[in-house]
Amino acid sequence: MFTIANGIILKGENLVPNRENIVVDEGKIIEIAKDAREGKIIDVDGAVVCPSFINGHIHIGDSIIKDEGYGLSLSEMVKPPNGVKHVALANASDDELVEAVRCSMWDMVNSGTTHFIDYREGGVKGVKLLKEASKDIPIKPIILGRDDSFYGEDPDLTKVKIAIRKLLKIADGIAPSGFGEITMDVAEIISEECEKAGKISSIHVAESESNQIESLNKYGLSEIEKGVKANFSQLVHLTNPKNDDLDFVSKTAANVVVCPRANATLNVGVAPLNDMVNLGLKPLLGTDNVMLNSPNMLRELEFTSKVMSVYHRDYLDAVEILKMATTNICGFKINDVIQKSVIMEDNFAEFNIFNSFSKNPYLNIINRVETKNILYTINKKFNV
């Protein structure tokens, strides 16, 4: 048992700042109060206590080719099966993949991330590799699998369904690449099977303008409309929405993830985060492909804050940005992540404690903190 004393706690789903103490016993928060003091006392003297980060979207497998292919188009980099990424994955040994993935997970742990949602290539084997690689690291992967049987213009739907069911026995959900690689029949089977299993169905949509134009020309629907109509529970990117796309999404229960640094690296645009927030959406932030960016959520937070101000000519509230890396996951059930995301009594103790440099606790984290300024990361998996 221990007490974190004299910290500025960003408490609850809305990250309301309060100077209070937190008592932790066997990985759970048992009391939050100004006078609470029990067990070992850790006096953090005005430091900021914030829920630990969730990386909402990452491809950790391409950690083996950091910064390769810079300057190539989106399709040249990541479109299966011949993108730079997929060729590298096909040619890498299991040992090479595991070592690179482990390094990236430690990078996340050291920069305050305790959960990440991974688009996992390699079918059942790929899911097992990531589970094995993460088992002694204090981080929780939420693994969304995929299978090569999903792809092509005339897939065998029986094989697709069998592959999905095998994956769902060991994965947290299913995540094909995008609508340029799968048919609507496959998309609908994925979302149906995931819903029956109580798991996540996720897909990239509207990452590039060209993807949107192709979808509209071919189907009369934007990629975002297709994602909603196919009933995916999570949509990633939404960088280039058309017409009423965002309004359409806001009327559904779909969770949204944006990846500003990856979009910038691939030169595909800037996600309209301000519009999303104004419509009541609660986006998550993700760092996307490790081959493009470090999986450091502090860097993602700062970049997002500044690029949105330039792009929209308006400031996005700092607390709303920080929620995208922490509590916006609430309401979208992924195993125990809802409990993890909020600093409240009876929840798991999973939070970061940051040095304080300014009077604004949100901008302190977004704009000032570096990895070296993380005093502690408390994590229920290993009680770090």
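The structure displayed is predicted, hence computed values, not measured ones. (Residues numbered from 1 in each chain as written. Predicted model: local features only at pLDDT ≥ 70, side-chain atom pairs only at ≥ 80, totals over all residues. Heavy atoms only, no water.)

Peer 1: Is there a simple way to think about the packing of aromatic side chains in this case?
Peer 2: One pair of aromatic rings is described through two measures. These are the centre distance and the angle between the planes. All chains considered together, the criterion is met by two aromatic pairs. Judged by centre distance (6.1 Å) and plane angle (90°), the rings of F179 and F232 are edge-to-face. In this pair, F179 sits in the loop between β9 (173–174) and α6 (184–197) while F232 sits in the loop between α8 (223–229) and β11 (234–237), placing the two residues 53 residues apart along the sequence. When its relative accessible area of 5% is taken as the criterion, F179 is described as buried. By relative accessible area, which is 4% here, F232 ends up buried. (Phe/Tyr/Trp six-rings, centres within 6.5 Å; stacked < 30°, edge-to-face > 60°. Helix = DSSP H or I, 4+ residues; strand = E, 2+ residues; numbered from the N terminus. Buried < 20%, exposed > 50% of the residue type's maximum accessible area, 1.4 Å probe, protein only.)

Peer 1: Would you take a moment to explain the packing of helix α5 (residues 157–168) against α6 for this structure?
Peer 2: A pair of packed helices is characterised by two quantities: the angle between their axes and the separation of those axes. Remark: α5 packs on α6, axes separated minimally by 10 Å, with the N-to-C direction vectors making an angle of 35°. Helix-helix and strand crossings are classified by hand; for α5 and α6 the assignment is right-handed. Mapping the contact onto sequence places L157, V160, K161, I164, R165 and L168 in α5 and D185, V186, I189, I190, E193, C194, K196 and A197 in α6. For the contact of α5 with α6, the per-class residue count stands at nine nonpolar, no polar and five charged. (Axes fitted to C-alpha atoms, helices over the stretch in contact; angles between N-to-C directions. Left-handed = near helix turned anticlockwise from the far one by under 90°. Contact = heavy atoms within 4.5 Å. Nonpolar A, V, L, I, M, F, W, Y, C, P; charged D, E, K, R; others polar.)

Peer 1: Sorry if this is basic, but what is going on with unusual backbone geometry here?
Peer 2: Phi angles above zero are rare outside glycine, and L15 is one such case at about 55°. Take L15: it is sitting in the loop between β1 (2–11) and β2 (16–25). A residue is classified by how much of its surface remains accessible, and L15, at 0% relative accessible area, is buried. Positive phi values are uncommon outside glycine, yet D346 reaches one of about 75°.

Peer 1: Which parts of the structure should I look at to understand helix α3 (residues 94–110)?
Peer 2: Note that an α-helix has 3.6 residues per turn; residues three or four places apart therefore point the same way. Compared with an ideal rise of 1.5 Å per residue, which puts 17 residues at 24 Å, α3 spans 24 Å between its outermost C-alpha atoms and is within 8% of the ideal. Against the buried residues of α3 lie β6 (53–59), α2 (84–91), β7 (113–120), α4 (123–134) and β16 (374–378). Just beyond α3, the residue with positive phi is G112, at close to 95°. (Expected span 1.5 Å × (residues − 1).)

Peer 1: How should the side chain of S305 be read in this particular structure?
Peer 2: Examined against the element boundaries, S305 turns out to sit in helix α12 (residues 297–312). Among residues more than four places away in sequence, those in contact with S305 are I321 and I366.

Peer 1: Sorry, what's going on with the pairing of β1 here?
Peer 2: Consecutive side chains of a regular strand alternate in pointing toward one face of the sheet and then the other. When you tally the buried positions in β1, you get eight out of 10 residues, the bulk of the element. Bridge analysis of β1 against strand β4 (residues 40–43) gives four bridges, and the strand direction is parallel. If you follow F2 over to β4, its bridge partner there is K40. Where β1 and β2 come together, eight bridges link them in antiparallel fashion. Bridging across to β2, T3 finds its partner in V23. Between the antiparallel neighbours β1 and β2 lie four residues, among them G12 with a positive phi of about 75°. The pairing of β1 with strand β5 (residues 48–51) spans two bridges and is parallel. Looking at the pairing, I9 lines up with V49 of β5. (Pairing = 2+ DSSP bridges.)

Peer 1: Hey, could you run me through the environment of Q234 in this one?
Peer 2: Positionally, Q234 belongs in strand β11. Taking the C-alpha atoms as reference, Q234 lies 9.1 Å from F332; in sequence the two are 98 residues apart. Excluding residues that lie within four positions of it along the chain, Q234 makes contacts with G56, I117, L144, I200, S201, S202, I203, N255, V257 and F332. Within the structure, the side chain of Q234 is placed 2.9 Å from the side chain of N255, a separation counted as a polar contact. (Polar contact = N/O pair within 3.5 Å; in protein donor to acceptor, adjacent residues only side chain to side chain.)

Peer 1: Can you walk me through the sheet that holds strand β8 (residues 140–145) in this structure?
Peer 2: Two pairing modes exist for strands in a sheet, parallel and antiparallel, and in both the strands are linked by backbone hydrogen bonds. The strand order across the open sheet formed by nine strands is β13-β12-β11-β10-β9-β8-β7-β6-β14, and the pairing between neighbours is parallel. Each edge of the open sheet is held by one strand with a lone partner, namely β13 (284–285) and β14 (288–289). Where β7 meets β8, six bridges bridge the pair, whose relative direction is parallel. The residue bridging R120 from the neighbouring strand is G145, located in β8. Packed on one face of the sheet, α6 meets β9 and β10 (200–205) and runs near 150° to β10.

Peer 1: Help me understand the pattern of salt bridges in this model?
Peer 2: Working definition: two side chains of opposite charge can pair if their charged atoms are close together. Under the criterion given, the structure shown has 13 salt bridges. E193 is the partner of R165 in a salt bridge, and the nearest nitrogen-oxygen pair spans 3.1 Å. Of this pair, R165 sits in helix α5 while E193 sits in helix α6, and the two are 28 residues apart along the sequence. Residues joined in a network through salt bridges with shared partners are D118, R120 and E121. (Salt bridge = Lys/Arg side-chain N within 4 Å of Asp/Glu carboxyl O.)

Peer 1: Can you help me understand the state of the cysteines in this one?
Peer 2: Where two cysteines share a covalent bond between their sulfur atoms, that bond is called a disulfide. Taken as a whole and assessed by the stated rule, the structure comprises zero disulfides. With no disulfide partner, C259 has as its closest neighbouring cysteine sulfur the one in C194, 19 Å distant. Judged by relative accessible area, C259 falls into the buried class, the value being 0%. There is no disulfide at C330, and the cysteine sulfur nearest it, in C50, is 12 Å away. Overall, the relative accessible area of 11% leaves C330 in the buried class. (Disulfide = S-S within 2.5 Å.)

What is shown is where atoms sit, not what they do.
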